[in-house]
Amino acid sequence: MQGKNILLAVSGGIAVYKAVALTSKLTQAGANVKVMMTNHAQEFVPPLSFQVLSKNDVYTNTFDEKKSSVVAHIDLADWADLVIVAPATANLIGKMANGIADDMVTTTILATEAPIWVAPAMNVHMIQHPAVVRNINRLYQDGVRFIEPEEGYLACGYVGRGRLEEPEKIVLRIAEFFQEDKSLLQGENILITAGATQEKLDPVRYFTNHSTGKMGFAIAEVAARQGANVTLVTSSKTLPVPPHVEVEYVESAEEMYQAVKKNQANQSIFVMTAAVADYTPAKFSKQKIKKQPGDFQIEMKRTKDILLEIGQNKTAQQVVIGFAAETENLPENAQKKLTTKNADLIVANNISQAGAGFSADTNIVTFYRKDGTSEALPLLDKRKVAEHIIQEAANLLRK
C-alpha cells in the first residue's frame, strides 16, 4: 500500500471509533489517507482525531474549500486510488444507491471514478430490512464492493450480524486488492454455469436441488475483476449479478445445455459449477396432476451431460473446469470424472462437511489435475475459493 491514496468516508454510527483505528493502521502501512466525515459522524468523534492520525485536513463541508485553486470534492474524487466507506450506515447506503449528493461525502462519492468499497455497520434488523437489502444489491450491481459485517454483540444490545469488520482485516483486504494482477485474464472469454436446474413435472411442480449458485457467482465476479469477458448461464435469479458480467437466465437442464452450446465456440475457459439435473420427467403434464388413491410413479429420462459434451469437443486452446459435489469416495469419484469428462481440472468437495454445503458462504475444495496432482484448500470464503480457481484457470490457459 506504500504511496496509495485512500479516501476514507466516515458516516455516523458508534463504529466510528474503528474508523479512527483504521486510519492509523492504513497510515502505518504507508498509505496516504484523507478523511471525509458526515455531520452525524462528528457527533461521535471530532475531526481532529482523524487529522492527527492521517496528517491531512479532514473534509466535512462541501463549501469549505481548503485550496482556492481547486474544487475540493472534485479534487478528492480524482486523487483517490480507492474510496472506503466505513462505517456505512443504512442512511448513507440509501443515499449512495439513489445518487443523492447532499453533503461532502455523498458529493465526492458521486464524482469519483476510483473503486468504492462499503463496510456496513448497523443493527441486525436494519441490515436485513428489504429497503437496505435492495440498496445494497443496487450498489453491488453498480460495481461497489462490500466488506461484510461481522456477527457479534452490537452497541444496541442485540447479538447478530451488523458489526463493522475489524480494522486489521480491512487493511489486509486492501493490501490484497492492491496486489491483485488486474490483467490475469485480460480479454479472455469465460463461460460459467451456476445454480440448480428445474425439471418441470406439471405447471405446479418441478424437481431441483439445493444449489444456490453462490460459488458460480463468486467465480464470475473474480473473473470479471481480472479482465475477462464473462458469460454467466444460471437459474439463480435471487443473487445480484456481479458488475461487468453478461448473464443468461435458464431453468431446465436442456435450456442450460442449449445456452452453453450456443456460446461454446468463442470461449477460452469453461467453469461448470451448476448442479445440473441428471434426470428429467419423461412427460410434462400441461395440467396440474391431481391427487389419486395409492402410489404415484414418475418416469424419468436422462438429461444431456453438458460437461461431457464440452470436454469431448473442446479445442486445444480451451480450458474446461468441472465440479464434483460428493458425499463419499471423493478422490475416486473426482479422478473418474476428470478422465471421463475430459476436463482439465475438477474442483471437488464433500457436501456433507460443515462449511462446504450448497447454501454456505464458505467451501472446502480439492483440486484434481490431469497430471495426477491434487491440492486441498482449507475452509475458505467462496470468494477466496473463486480466486484460487481463477488463478488455476489462468495457469492452465498459459500451458
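Residues numbered from 1 in each chain as written. Predicted model: local features only at pLDDT ≥ 70, side-chain atom pairs only at ≥ 80, totals over all residues. Heavy atoms only, no water.

**Let's talk about the overall build of the protein**
Line of reasoning, step 1. Across its full length, the protein carries 14 helices and 22 strands.
Line of reasoning, step 2. Projecting the C-alpha coordinates of the protein onto the three principal axes gives extents of approximately 75 × 55 × 35 Å.
Line of reasoning, step 3. A burial count over the protein gives 51% of its 399 residues as buried.
Line of reasoning, step 4. Within the protein, residue pairs in contact and separated by at least 24 positions form 67% of the contacts whose partners lie at least 6 positions apart.
Line of reasoning, step 5. Split by element, the accessible area of the protein, about 19,600 Å² in all, is 49% carbon and sulfur.
Line of reasoning, step 6. Seen as two clouds, the 42 positive and the 44 negative side-chain charges of the protein have centres 4 Å apart. (Helix = DSSP H or I, 4+ residues; strand = E, 2+ residues; numbered from the N terminus. Buried < 20%, exposed > 50% of the residue type's maximum accessible area, 1.4 Å probe, protein only. Contact = heavy atoms within 4.5 Å. Areas by Shrake-Rupley, 256 points an atom, 1.4 Å probe, with all protein chains shown as cover. Lys, Arg positive; Asp, Glu negative; His and termini not counted. Charge placed at Lys NZ, Arg CZ, Asp CG, Glu CD.)

**Observations regarding the UniProt feature "binding site: CTP" (unreviewed entry) in the protein**
Line of reasoning, step 1. When the UniProt feature table is mapped onto this chain, "binding site: CTP" (unreviewed entry) is found at Asp278, Lys288, Phe323, Lys337 and Lys341. The greatest C-alpha distance among the residues just named is 37.7 Å, and with 64 residues of sequence between them they are spread in space as well.
Line of reasoning, step 2. For Phe323, a relative accessible area of 15% translates into the label buried.
Line of reasoning, step 3. Dropping the residues within four chain positions of it, Phe323 is found in contact with Met215, Ile219, Val271, Met272, Thr273, Lys337, Val347 and Ile389.
Line of reasoning, step 4. Relative to the elements of secondary structure, Lys341 occurs in the loop between helix 13 (330-340) and strand 18 (345-350).
Line of reasoning, step 5. Not counting residues up to four positions away in its chain, the partners in contact with Lys341 are Asp305, Leu307, Leu308, Gly311 and Gln312. (UniProt positions renumbered as here; feature names shortened; annotations may be inferred.)

**Details of the pairing of strand 9 (residues 189-194)**
Line of reasoning, step 1. Buried residues dominate strand 9, accounting for five of its six residues.
Line of reasoning, step 2. Summarising the sheet, strand 9 and strand 14 (residues 269-272) pair through four bridges and their orientation is parallel. Counterpart to Leu191 in the pairing with strand 14 is Phe270. (Pairing = 2+ DSSP bridges.)

**A short note on the sheet that holds strand 4 (residues 82-88)**
Line of reasoning, step 1. The strand order across the open sheet formed by six strands is 3-2-1-4-5-6, and the pairing between neighbours is parallel. Looking at strand neighbours, the two that pair on one side only are strand 3 (58-59) and strand 6 (145-146), the edges of this open sheet.
Line of reasoning, step 2. Pairing analysis gives two bridges linking strand 5 (residues 116-120) to strand 6, with the strands arranged parallel. Considered in strand 6, the bridge of Val118 is made with Phe146.
Line of reasoning, step 3. The strands that helix 1 (residues 16-28) touches are strand 1 (5-10), strand 2 (32-37) and strand 4; relative to strand 1, the one it contacts most, it runs at about 170°.
Line of reasoning, step 4. Lying over the sheet, helix 3 (residues 47-54) contacts strand 1, strand 2 and strand 3, oriented at roughly 170° with respect to strand 2. (Axes fitted to C-alpha atoms, helices over the stretch in contact; angles between N-to-C directions.)

**Overview of the packing of aromatic side chains**
Line of reasoning, step 1. Counted by the stated rule, this structure contains two aromatic pairs.
Line of reasoning, step 2. When the ring of Trp117 is compared with that of Phe177, the centres are 5.2 Å apart and the planes differ by 75°; the resulting orientation is edge-to-face. With Trp117 in strand 5 and Phe177 in helix 9 (residues 167-179), this pair connects stretches of sequence that are 60 residues apart. In this pair, the class of Trp117 matches that of Phe177, namely buried.
Line of reasoning, step 3. Judged by centre distance (5.2 Å) and plane angle (65°), the rings of Phe177 and Phe178 are edge-to-face. In this pair, the class of Phe177 matches that of Phe178, namely buried. (Phe/Tyr/Trp six-rings, centres within 6.5 Å; stacked < 30°, edge-to-face > 60°.)

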